[in-house]
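Reading the structure
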Number of protein chains: 2
Amino acid sequence: MGKDGKILTVDTINPVVKKAEYAVRGKLAMRADEINQAILHGDTRYPFDKVAFCNIGNPQQLQQKPITFFRQVASLCENPELLEHPRRDLLKLYPADAIDRATTLLEHIGSIGAYSHSKGVPYIRENVAKFIERRDGYPADPHHIFLTQGASAGVQLIMQTITQSPSTGFLIPIPQYPLYSATLTLLDATPVPYYLYENKDWAMDVENLAGSLRTARDKGIDVRAMVVINPGNPTGQCLSQDTIRHVIEFCHKERIILLADEVYQTNIYYPEQRPFHSFKKVLRSMGAEYKDQELFSFHSVSKGMVGECGRRGGYVECTNIDDAVLDQLYKMASISLCPNVHGQIMVDLMTNPPKEGDPSYPRYREEYDAIFESLKRRAALLAQCFHHMEGMTCNDAEGALYVFPQIRLPKKALAAAKEAGLAPDAFYAFEMLEKTGVCVVPGSGFGQEPGTLHFRSTFLPPEELFTKFCARIETFHREFLDKYKD
Amino acid sequence: MGKDGKILTVDTINPVVKKAEYAVRGKLAMRADEINQAILHGDTRYPFDKVAFCNIGNPQQLQQKPITFFRQVASLCENPELLEHPRRDLLKLYPADAIDRATTLLEHIGSIGAYSHSKGVPYIRENVAKFIERRDGYPADPHHIFLTQGASAGVQLIMQTITQSPSTGFLIPIPQYPLYSATLTLLDATPVPYYLYENKDWAMDVENLAGSLRTARDKGIDVRAMVVINPGNPTGQCLSQDTIRHVIEFCHKERIILLADEVYQTNIYYPEQRPFHSFKKVLRSMGAEYKDQELFSFHSVSKGMVGECGRRGGYVECTNIDDAVLDQLYKMASISLCPNVHGQIMVDLMTNPPKEGDPSYPRYREEYDAIFESLKRRAALLAQCFHHMEGMTCNDAEGALYVFPQIRLPKKALAAAKEAGLAPDAFYAFEMLEKTGVCVVPGSGFGQEPGTLHFRSTFLPPEELFTKFCARIETFHREFLDKYKD
């Protein structure tokens, strides 16, 4: 570090900051941004007119319309002067139940420009508790609910609190959503991977789990928590009630805290065969013997049919957590003052949407169902598209917003990747971006079984473009295989 | 840890989480919440009808009205259907410039329900850069600006990145805003206190600074950054251009990165004698010799005349920061996906309010000036109120939202505090809360010179209640001194 050089360089910053990786918005996504900007500024050298950002579950970036009722209420809360207009004027612009809901919310919130309670507005937490009770059939306590800035902030807070030392271990699925690996790196805690089985539709195997745990504990790792993503990200599988029960039995026996990432709980495409079961519900159904099993459950306004990512809203429910630890979490929440109030309002709306008989119900129902049905069709289409390509296999997405196809690349492509200094899946994904404008995330960003290659793609591009979108990828894939054939 | 006990207890959680303290929303604030809830539910045992939350700079909680134009634009952005109405209908509810601004913002943002660029919407960052250029008279680069979820999130990100090891030291003022001490505890980094001089209107003394630095470096602490809060929190002083220049010279000579917390930059009550000078401007004015001085400057929508705390919006400008470090900060921002878009919109509005000639300008000007003048009057009133009480002295607030009076308590009060297991200033503040409903923060939460006692109070209660408010505190104080007189 010379006298004239910078004090802060990549070699002098926090080493965990340097080490952390987050592929969803990594180098490939930055290149995609660059191309998109270039096109917007008139660059015509690309064989497509716009980048399709399939790297991230960001529905409204890809033209998914927001739910009208939600935005109406949010808009009224923003501008309390509107509510002072004569109601007959306002009724031209807003349905009566949106006006009523905004009025009720503001009564409890005061101004949305004020810091709220650090755990979130008490009234909204009560509404979330009622939602959980309706969903699960078991009671929920608003004092055990923390509203958060998206699920990510909740996950980070809980993982930070659990991490006692660098030897604290977290079981995480492979493949996983890289928020988990990045957070573990930043906390200098230890990831303990357990595999999901691709040839069994990405099923979890509790015996394999036990093996991963044993190996880690033998190495002296204090494995004290386990992350489950259900429905899976990037893998899209939905856990059966039996599997969840086995996982809970395993964690209870092994004294492991459960973290259940359930942000895709309404993205369930085969509800007859593969319904959503919350960990909280299954845990409660297992009776008194399991009354001490510690569980944190995460939810978000960013996914489902809501898709309000930009708002950063979510919550964590703490089940069977020590009261003194809840106080510590409250203190931590207070250091960041409060989750943004707009996100909190959306949590209220997501968990308590219009009910049958409400003026806004028909429109809400129609919008919700249209998004759901379209996502379901697109999920199947994209999986089929990939599954039928040469050298590729792809499980159906039972839930969530992604497929995670496996690709087998010819040796020449592997060699070319090596030469380019890229992982083979990253090499493939970069080529796809340059040729088609489709931005996906290489499987190496999520973890994958050694020797396998994957990528994650959302199925969020607008449905009317889907045939074209799939055809573009097929053409690219064929040409890629031709170019690198052995 | 028994077989049946919890895995997660205060003794097994992350030790830095357990250790962190944040007095602004600490035990006293929780007790205030409790009392307030009790009163709302009909409890009549308190000699007041409502708690005055003077513990936190939360203007809209204490009836400060939001700026109308800001909320109009935000409300239109929330509900894009409004913008599809015939303009003549909409013009009954919204002024033309609010409609235009919302339209322009949405053109650049797309949907506010989508994740934005992780550094914030590029168009808004360009507008922030223009604001800084107008303010300082020197260029600003939108690529060096990160929008953040309030200034707190920006501060935490930068401090995390700077912390290389537990021996990394940060110079922090005493008294300080406890975000800094809490963040240092959580990062396991080392605070290096420097004192502000109460009898010189909380002035900074660069020689004393050099002494603090020397002592710390002699102990092997790698002091590499310095936090300056200007205007001061909790102390309200505004730094002169000369002092800022001396601080920059000192940091440049000693190879120290500057963190300038400038969130109160418009809360300047004596602009003739004590105007605001940004560190960025003074640094640029010092010419080429200082072109390597690294500086992070923070701003927020929560303070000033905006007061939109609940929205969690802010930004950090990075001056003379290594490009590779900027890339690392971008990566870190991407792990949290993006700052909430509502906060970003408010940053745009705060930095680019209506201009003279715009339809909304007269109302904006009137609202802004009314808030400013009222804050200025209340600042002076509250300082006078405290200054004239027996055993109390209080500097005027030149800026920010707080006064920080010093109290001298009789020995009997000190003994009673000891018996209650409380710091004397906390004991006093608890008594004040129970007797008057006024919630302040004990000086021990900010740090204070050993042997002195203080508390911080905002001057945010509504002006029409101010005489009553001051009288209530005076009566309490007299009775307290009577009760404990030696």
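Note that this is a predicted model, so its numbers are computed, not measured. (Residues numbered from 1 in each chain as written. Chains lettered and ligands numbered in written order. Predicted model: local features only at pLDDT ≥ 70, side-chain atom pairs only at ≥ 80, totals over all residues. Heavy atoms only, no water.)

1. Some words on the overall build of chain A
Secondary structure assignment for chain A yields 18 helices and 14 strands. Taken over the C-alpha trace, chain A has a radius of gyration of 23 Å; the compact-globule value for 486 residues is 23 Å, and the two agree within 12%. For chain A, the C-alpha atoms occupy an extent of roughly 70 × 65 × 55 Å along the three principal directions. Every one of the 486 residues in chain A was classed for burial, and the buried ones make up 63%. Here the analysis covers contacts within chain A between residues at least 6 apart in sequence; of these, 72% occur between residues at least 24 apart. When the accessible surface of chain A is summed, it comes to about 18,200 Å², and 52% of that surface belongs to carbon and sulfur atoms. For chain A, the separation between the mean place of its 54 positive charges and that of its 60 negative charges on side chains is 3 Å. (Helix = DSSP H or I, 4+ residues; strand = E, 2+ residues; numbered from the N terminus. Rg over C-alpha atoms; globule rule 2.2 N^0.38 Å. Buried < 20%, exposed > 50% of the residue type's maximum accessible area, 1.4 Å probe, protein only. Contact = heavy atoms within 4.5 Å. Areas by Shrake-Rupley, 256 points an atom, 1.4 Å probe, with all protein chains shown as cover. Lys, Arg positive; Asp, Glu negative; His and termini not counted. Charge placed at Lys NZ, Arg CZ, Asp CG, Glu CD.)

2. Quick word on a positive patch on the surface
There is a patch of like positive charges on the surface, built from A:Arg88, A:Lys92, B:Arg88 and B:Lys92. Mapped onto the elements of the fold, A:Arg88 is located in helix H5 (residues 87-90). (Patch = residues over 30% accessible without salt bridge, like charges linked within 9 Å, V, L, I, M, F, W, Y side chains within 5 Å. Salt bridge = Lys/Arg side-chain N within 4 Å of Asp/Glu carboxyl O.)

3. Digging into the sheet that holds strand E8 (residues 314-319) of chain B
All names here are of chain B. Read across the open sheet, the seven strands follow the order E2-E8-E7-E6-E5-E3-E4; overall the sheet is mixed. Either end of the sheet is taken by a strand with one partner, and the two such strands are strand E2 (145-148) and strand E4 (190-195). This sheet shows a mean twist of 20 degrees between the axes of neighbouring strands, independent of strand direction. Of the strand pairs in this sheet, strand E5 (residues 222-229) and strand E6 (residues 257-261) are connected by five bridges, and their pairing is parallel. The residue bridging methionine 226 from the neighbouring strand is leucine 258, located in E6. Against the sheet, helix H8 (residues 150-162) engages E2, strand E3 (168-174), E5, E6, strand E7 (295-300) and E8, with an angle of about 160 degrees to E7. The sheet strands contacting helix H13 (residues 323-335) are E2, E7 and E8, and the helix crosses E2 at an angle near 20 degrees. (Pairing = 2+ DSSP bridges. Axes fitted to C-alpha atoms, helices over the stretch in contact; angles between N-to-C directions.)

4. Some remarks on the interface of chain A and chain B
Interface extent is often summarised as the accessible area lost during association of the parts. At the junction of the two partners, chain A supplies 99 residues and chain B supplies 99 residues. Approximately 8,300 Å² of surface area, both sides summed, lies buried where chain A meets chain B, with 54% of it carried by carbon and sulfur atoms. Broken down residue by residue, the surface that chain A buries against chain B is led by A:Leu8, A:Tyr115 and A:Arg255, which jointly contribute 10%. The residue A:Glu78 makes a salt bridge to B:Arg311 at a minimum N-O spacing of 2.8 Å. At the boundary of chain A and chain B, one finds 57 residue pairs in polar contact (both at pLDDT 80 or more). Per-element tally for the side of chain A that touches chain B: the top contributor is helix H13 (residues 323-335) of chain A, with eight residues. Tallied by class, residues from the side of chain A that touches chain B come to 39 nonpolar, 36 polar and 24 charged. (Buried area = accessible area lost by both parts, 1.4 Å probe. Polar contact = N/O pair within 3.5 Å; in protein donor to acceptor, adjacent residues only side chain to side chain. Nonpolar A, V, L, I, M, F, W, Y, C, P; charged D, E, K, R; others polar.)

5. A look at the state of the cysteines
All names here are of chain A. One pass over the full model with this rule turns up zero disulfides over all chains. Summary of cysteine pairing: cysteine 54 is not part of a disulfide, and the nearest cysteine sulfur, belonging to cysteine 439, is at 7.9 Å. By relative accessible area, which is 0% here, cysteine 54 ends up buried. Its relative accessible area of 0% is what places cysteine 439 among the buried residues. (Disulfide = S-S within 2.5 Å.)

6. Quick look at helix H3 (residues 68-78) of chain B
Within H3(B), 11 of the 11 residues are buried, leaving the element largely enclosed by the surrounding structure. Listed as buried for H3(B) are B:Thr68, B:Phe69, B:Phe70, B:Arg71, B:Gln72, B:Val73, B:Ala74, B:Ser75, B:Leu76, B:Cys77 and B:Glu78.

7. Details of unusual backbone geometry
Generally, phi is negative for residues other than glycine and the peptide bonds are trans, each holding for most cases. The peptide bond linking B:Ile174 to B:Pro175 adopts the cis configuration, its omega dihedral lying at 0 degrees. Turning to its location among the elements, B:Pro175 is positioned in the loop between E3 and helix H9 (179-187). A cis amide bond links B:Asn233 to the next residue, B:Pro234, at an omega of 15 degrees. Secondary-structure assignment places B:Pro234 in the loop between E5 and helix H11 (241-254). Positive phi, close to 75 degrees, is recorded for A:Leu337, a residue that is not glycine. Tracing the backbone shows A:Leu337 in the loop between H13 and helix H14 (341-351). The class of A:Leu337 is buried, set by a relative accessible area of 2%. In the Ramachandran plot, B:Arg312 falls in the positive-phi region, its phi being about 55 degrees despite a non-glycine side chain. One can find B:Arg312 in the loop between E7 and E8.

8. Describing the UniProt feature "domain: Aminotransferase class I/classII large" (unreviewed entry) in chain A
When the UniProt feature table is mapped onto this chain, "domain: Aminotransferase class I/classII large" (unreviewed entry) is found at residues 106-473 of chain A. Measuring from the first to the last C-alpha atom of residues 106-473 of chain A gives 48 Å, for a span that is 43% helix and 15% strand. (UniProt positions renumbered as here; feature names shortened; annotations may be inferred.)

9. Side note on the nonpolar core
As a rule of thumb, soluble globular proteins bury nonpolar side chains together. Counting residues in each nonpolar core, the largest one holds 340 residues, and the members touching the most others are A:Met226, A:Phe296, B:Met226 and B:Phe296. Residues in contact with A:Met226, not counting those within four places in the same chain, are A:Leu171, A:Tyr194, A:Met204, A:Leu209, A:Val247, A:Phe250, A:Cys251, A:Ile256, A:Ile257, A:Leu258 and A:Leu259. (Core = buried A, V, L, I, M, F, W, Y, C linked by side-chain atoms within 4.5 Å.)

10. Overview of the pattern of salt bridges
A full pass over the atoms with the stated rule returns 44 salt bridges over all chains. Where A:Glu431 meets A:Lys483, a salt bridge forms, and the shortest distance between an N and an O atom there is 3.8 Å. Of this pair, A:Glu431 sits in helix H17 (residues 424-436) while A:Lys483 sits in helix H18 (residues 466-483), and the two are 52 residues apart along the sequence. A salt bridge links B:Arg311 to B:Glu308, with the shortest nitrogen-to-oxygen separation between them at 2.9 Å. We classify B:Arg311 as buried; its relative accessible area is 0%. Judged by relative accessible area, which is 0%, B:Glu308 ranks as buried.

11. Remarks on the environment of B:Ile345
Residues and elements named next belong to chain B. Here isoleucine 345 lies in helix H14 (residues 341-351). It is 8.7 Å that separates the C-alpha atoms of isoleucine 345 and valine 73, two residues lying 272 residues apart in sequence. With near-sequence residues (within four places) excluded, isoleucine 345 lies in contact with Cys77, Leu105, Ile109, Ile112 and Ile124.

12. A closer look at the packing of aromatic side chains
Under the criterion given, the structure shown has 36 aromatic pairs over all chains. For the ring pair B:Tyr22 and B:Tyr177, a centre distance of 6.1 Å and an interplane angle of 80 degrees mean the geometry is edge-to-face. A residue pair is termed long-range when its members are at least 10 positions apart, and B:Tyr22 in the loop between helix H1 (15-19) and helix H2 (27-40) and B:Tyr177 in the loop between E3 and H9 qualify at 155 residues. Exposure class is identical for B:Tyr22 and B:Tyr177. Each is buried. Geometrically, the ring pair formed by B:Tyr269 and B:Phe459 is edge-to-face, given 5.9 Å between the ring centres and 70 degrees between the ring planes. Taken together, the residues B:Tyr269 in the loop between E6 and helix H12 (279-285) and B:Phe459 in the loop between strand E14 (455-458) and helix H18 (466-483) connect sequence positions 190 residues apart. In this structure, B:Tyr269 and B:Phe459 share a single accessibility class: buried. Here the aromatic residues A:Phe386, A:Phe427, A:Tyr428, A:Phe455, A:Phe476, A:Phe480 and A:Tyr484 are joined through ring pairs into a cluster of three or more. Cation over ring: B:Lys119 sits above B:Phe146, and NZ or CZ is 4.8 Å from the ring centre. (Phe/Tyr/Trp six-rings, centres within 6.5 Å; stacked < 30°, edge-to-face > 60°. Lys NZ or Arg CZ within 6 Å of the ring centre and 35° of its normal.)

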